[in-house]
Structures are given as structure tokens and as C-alpha cells.
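# Commentary on secondary and tertiary structure
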Amino acid sequence: MINRRQWLSGLGMTFGAAVHAGAAASSRPASQDATVPQNAQPRPLALVDYEPKSMLQVHETRVEKARFPAIDIHTHISVSTKSESGIELAPERKYLGTAEELLQVMDRKNIAAMVNLTGGFDHGLAEAVTQYDKRFPGRFFTFTEPCYSKFKQPNYPRVQGDAIEQAYRDGARGLKILKTLGLYLRENITSGTLVKIDDPRFDPTWDACGQLNLPVAIHVSDPIAFFTPTDRFNERYEELNNHPDWSFHGHDFPGNAELLEARNRVFARHPKTQFLVLHVGNFSESLANVSQSLDRFPNMSVDIAARIGELGRQPRTARKFFDKYQDRILFGTDATPHGDEFPQQVFNEKLYEIYYRFLETYDEYFDYAPAKIPPQGRWRIYGVDLPEPVLQKVYYENAARLLRIRV
Ligand SMILES: [Zn+2]
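Figured I'd write up the structure that's included with this text.

## What about helix α15 (residues 349-360)?
The terminal C-alpha atoms of α15 lie 16 Å apart, and with 12 residues this matches the ideal 16 Å at 1.5 Å per residue to within 8%. Among the 12 residues of α15, 10 are classified as buried, and the element is accordingly described as predominantly covered. What α15 keeps buried is the set L351, Y352, E353, I354, Y355, Y356, R357, F358, L359 and E360. Contacts made by the buried residues of α15 are with β1 (70-75), α4 (99-109), β6 (111-116), α13 (308-311), α14 (315-324) and α16 (388-403). Looking at where α15 begins, the residue whose side-chain oxygen comes 3.2 Å from the main-chain nitrogen of K350 is N348.

## A few points about the coordination of the zinc ion
Coordination of the zinc ion by the protein involves H74 (NE2), H76 (NE2) and D334 (OD), with metal-donor separations of 2.1 Å. Linear spacing of the donor residues for the zinc ion on their chain is H-x1-H-x257-D. Separated by 260 residues along the polypeptide, H74 in strand β1 and D334 in the loop between β12 (329-330) and α15 bring together distant segments of the chain. Just as H74 is buried, D334 falls in that class too.

## Some details on the sheet that holds strand β9 (residues 216-218)
Pairing within the open sheet is parallel, and its 5 strands lie in the order β8-β9-β10-β11-β12. Looking at the sheet topology across the chains shown, the edges are occupied by β8 (175-177) and β12. Alignment of β8 against β9, held across 3 bridges, turns out to be parallel. Among the inter-strand pairings, L175 is bridged to a residue of β9, identified as V216. Here helix α8 (residues 203-212) sits on the sheet in contact with β8, β9 and β10 (275-277), set at roughly 145° to β8.

## Points about a nonpolar patch on the surface
Nonpolar side chains collect at one region of the surface, where L45, L47 and Y50 lie side by side and expose about 300 Å² of accessible area between them. By the element assignment, L47 lies in the loop between α3 (30-33) and β1.

## Brief notes about α8
All buried positions along α8 are accounted for by D203, T205, W206, A208, C209 and G210. Here the buried face of α8 lies against α6 (156-169), β8, α7 (180-183), β9, α10 (256-269) and β10. Directly after α8, the chain includes N213, whose backbone phi takes a positive value near 60°.

## Points about the sheet that holds β6
Across the sheet, which stays open at both edges, the 3 strands sit in the order β1-β6-β7 with parallel pairing between neighbours. The open sheet has two free edges, formed respectively by β1 and β7 (140-142), since each of these has just one partner strand. Here the average twist between neighbouring strands, direction ignored, is 20°. Sheet topology note: the β1/β6 ladder contains 4 bridges and is parallel. Across the sheet, residue T75 finds its bridge partner in β6, namely N116. With respect to the sheet, α16 is in contact with β1, β6 and β7, its orientation differing from that of β1 by roughly 60°.

## Let's talk about the packing of aromatic side chains
Summed over all chains, the structure comprises 27 aromatic pairs. On the numbers, 5.9 Å between centres and 65° between planes, the contact of W206 with F275 is edge-to-face. Taken together, the residues W206 in helix α8 and F275 in strand β10 connect sequence positions 69 residues apart. Three or more aromatic residues joined by ring pairs make a cluster, and in this case those are Y148, F151, Y156, F202, W206, F267, F275 and F297. Looking at R313, its charged tip hangs above the ring of W379, at a distance of 3.8 Å from the centre. For the cation-ring pair, R357 lies above F366, with the distance from its terminal atom to the ring centre recorded as 4.1 Å.

## As for unusual backbone geometry
Positive phi, normally seen in glycine, also occurs at S85, with a value near 50°. Considering the arrangement of structural elements, one finds S85 in the loop between β3 (83-84) and β4 (87-88). Its identity is not glycine, yet R404 carries a phi of approximately 60°, on the positive side. Structurally, the position occupied by R404 is in the segment after α16. Among the residues examined, R404 registers a relative accessible area of 56% and is labelled exposed.

## Thoughts on the packing of α4 against α15
The N-to-C vectors of α4 and α15 enclose an angle of 30°; their axes lie 10 Å apart at closest approach. Taken as axis vectors, α4 and α15 run roughly parallel relative to one another. Read as a crossing pair, α4 and α15 show a hand that is right-handed. Taken together, the residues of α15 that come into contact with α4 (itself represented by V105, R108 and K109) are E349, Y352, E353 and Y356. In terms of residue class, the contact of α4 with α15 is built from 3 nonpolar, no polar and 4 charged.

Conventions used here
Residues numbered from 1 in each chain as written. Predicted model: local features only at pLDDT ≥ 70, side-chain atom pairs only at ≥ 80, totals over all residues. Heavy atoms only, no water. Helix = DSSP H or I, 4+ residues; strand = E, 2+ residues; numbered from the N terminus. Expected span 1.5 Å × (residues − 1). Buried < 20%, exposed > 50% of the residue type's maximum accessible area, 1.4 Å probe, protein only. Contact = heavy atoms within 4.5 Å. Polar contact = N/O pair within 3.5 Å; in protein donor to acceptor, adjacent residues only side chain to side chain. Donors = N, O, S within 2.8 Å, 3.2 Å for Na, K, Ca; no water. Pairing = 2+ DSSP bridges. Axes fitted to C-alpha atoms, helices over the stretch in contact; angles between N-to-C directions. Patch = residues over 30% accessible without salt bridge, like charges linked within 9 Å, V, L, I, M, F, W, Y side chains within 5 Å. Areas by Shrake-Rupley, 256 points an atom, 1.4 Å probe, with all protein chains shown as cover. Salt bridge = Lys/Arg side-chain N within 4 Å of Asp/Glu carboxyl O. Phe/Tyr/Trp six-rings, centres within 6.5 Å; stacked < 30°, edge-to-face > 60°. Lys NZ or Arg CZ within 6 Å of the ring centre and 35° of its normal. Parallel < 35°, antiparallel > 145°, perpendicular 65-115°, else oblique. Left-handed = near helix turned anticlockwise from the far one by under 90°. Nonpolar A, V, L, I, M, F, W, Y, C, P; charged D, E, K, R; others polar.

This is the structure we're talking about:
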């Protein structure tokens, strides 16, 4: 038996040195203590300057290509040229990447097709379809969006329902709803009270999609941390601090639960319409909750876009989730060409490789986005190593079924 003093001196450390050097140096060997100033104090370090390098040495796999051809169900190749208070107002599109440029990356990464969710409406949509879908059939699919600038028209419910039919004739393969509905759209479009997700004025739109077999890709709510104060307890503090407009805490914003309940009432009321609930139903912090909704609503499926950071920090729960709902989970990335400001969704080869590594390997503790600092919370992720039949469904088959593409 050795006592504590003998043990410490065995490490080359004395009580005296430990006391003088303070807590920060208490584990240093005595040989280094000479370099520590007598009055050394722990030094404050701004969070923004903290870039710890992991010393963990574990197996690293580079997955350059998806093991099976993949459909990226969630990308943004075009955006509206005019937005106000989070609401897209112009039909005209700004294109973020040319088809040729995107195809090069797609071919290298085994992406069979990209779905451009933000194809817009009216002539903007028709032009986007012409630019991509018609020039490269089978490689690009474009979704339409509601025209909220007509929201004040008394016959808006009918006008919007009819616009879906026109968009279908123009080549749209689905409808995209941004978080605009529930969080931005107001009675006077940009002012007044918020319009609820289950507002009956959108019923003809949901019905039109059901009748035309157009899936509705719907973004409801946001990560749960966006509804809590941006303070030292917020696990996404840096992200919200960088993008204060992403916070939905306070003001007249409904809470996450209220938004999801309104969403669920829409699903219940329109059982013939297929809803693809983006970002793992925007509640990947609670896969139990997402599972409950999937069990309740057979017309619901989810994509994993911009949420491998969440899925990958709970790899065992996520793996069970993939196993159980393997027919209703779709591969998507939220990829935005040249969207360098948002590393978790920038369209590039590195981003795809991270998704593949997450889905196809058992690798441990790796970055979920190509960025120096994890952009959606300071943690790293673990792969779920999906079996091949599940991978095939998640990468391709589930999306092909929803888009009615022949496999
Ligand atoms: Zn998106």
C-alpha cells in the first residue's frame, strides 16, 4: 500500500508544486512547473476561438460513392428572386448552379437524381422545369411552391388549388411548403397574426396534391433549441448567435408542440395526400415522438436532410428507427449549390461523403458537416452501418415510389 504523498511523489509531483501552480497545472509533472508563472491563472478563451482537435484514434472510412444509386430528395437549386420577412414573393428564380455543374458532382457521388424543392410557381416553375428536368430527364425533378403573394385574394383557396393543377401540367413532381407556413405567413402576408398550418384555406391545395399524386414536402417547425432562449444553456448557441433570425423564442411564435399538432391535424384531415415531413419531422431530438406520428399517420414519411448531426449523436436509437421505418425514410441533404454560409447543407463532394459514412459505416466520432466548428451544435457523430436492403430503400426505392419513378 502506498499513501497519497508517496503516490504523488512517484509521479514527480509534490503538494507544494500543485498548490503554487493552481488547479490548471495540478496534473502537470513537476519538470514542467518551472515554465508556469507563479501567478498563472486559468485564461479565459472566447468560444469562437475554441477549435479543439480530437486526439481520438479510431478507424476512419472514406466512402466516396453511395453504395447504391441515390435520389437526393431535398435540394435547393433555385430560389425566389424576391423574399420579404421569410416569404418568397416573386415567381422569377435565381439559379444557384447549372445542370452541367451539378451533374459532374452527382456522377462522381452516385447521385441518380436531385429533387429541387424550391422550384417556385407560375412561369418561374415552368422555366425551372425546362432548365433542368426537361434537359436531363430522370436526373432532376422540380417541386412547386404556393404563391403567397395572392393570399389576400378572396378566392385564394381555389386559386391556389388550381395553381397546383397548372404546376402539375407544367411538370412539377410535388409541392414544397417551407416553414413559412406556421412561422412567417401572416394575415396581411407580412404583417398581422400568423396563419396556422391547419388553416382551412389550404385544404383545396392539400386535396389537389392528393388527387394528382403529388407528394407534399413540408417543413414544419425547426430544431427544438430554436424555441428556447439563445443563452448559455442553449445547445445551438453559436448557430443562433450567428443567425439571430432563426430563433423563434418569444414574440408571437407558437411553440414546437403547437406547430406539430397543427401539422398532424392536416395529416389526419387529408389521408389521401402523401406528406414527406422534412428534417426527420423536425423533431429528431425525440425519435420517439417522430415514431408516434409515423405510427399514427400512414400518409407520412420523413427525410434525413440536415439532421445527421442529430441522428448520429444517438446512433443506437437511430439505427432502430431506420430498421423499423425503413420503408418511410428518404435520403436527402438540403444541398444548396454554393451555400458556403451553411456548411451542413453546402452542395459539395465532402458533404455527400459524410452522409454516406454515416449511413454505411460504424465509424465513430466524426464531423457531421464539412466545417471547422460543428455548425449545428458542438458534438460529433457515429455511423449506423445500415444493412444493404435498408440502404437501397433509403437511398432510392422510397423516393422512387413517392415520385412515381419506375425502378
Ligand atoms: Zn431545405
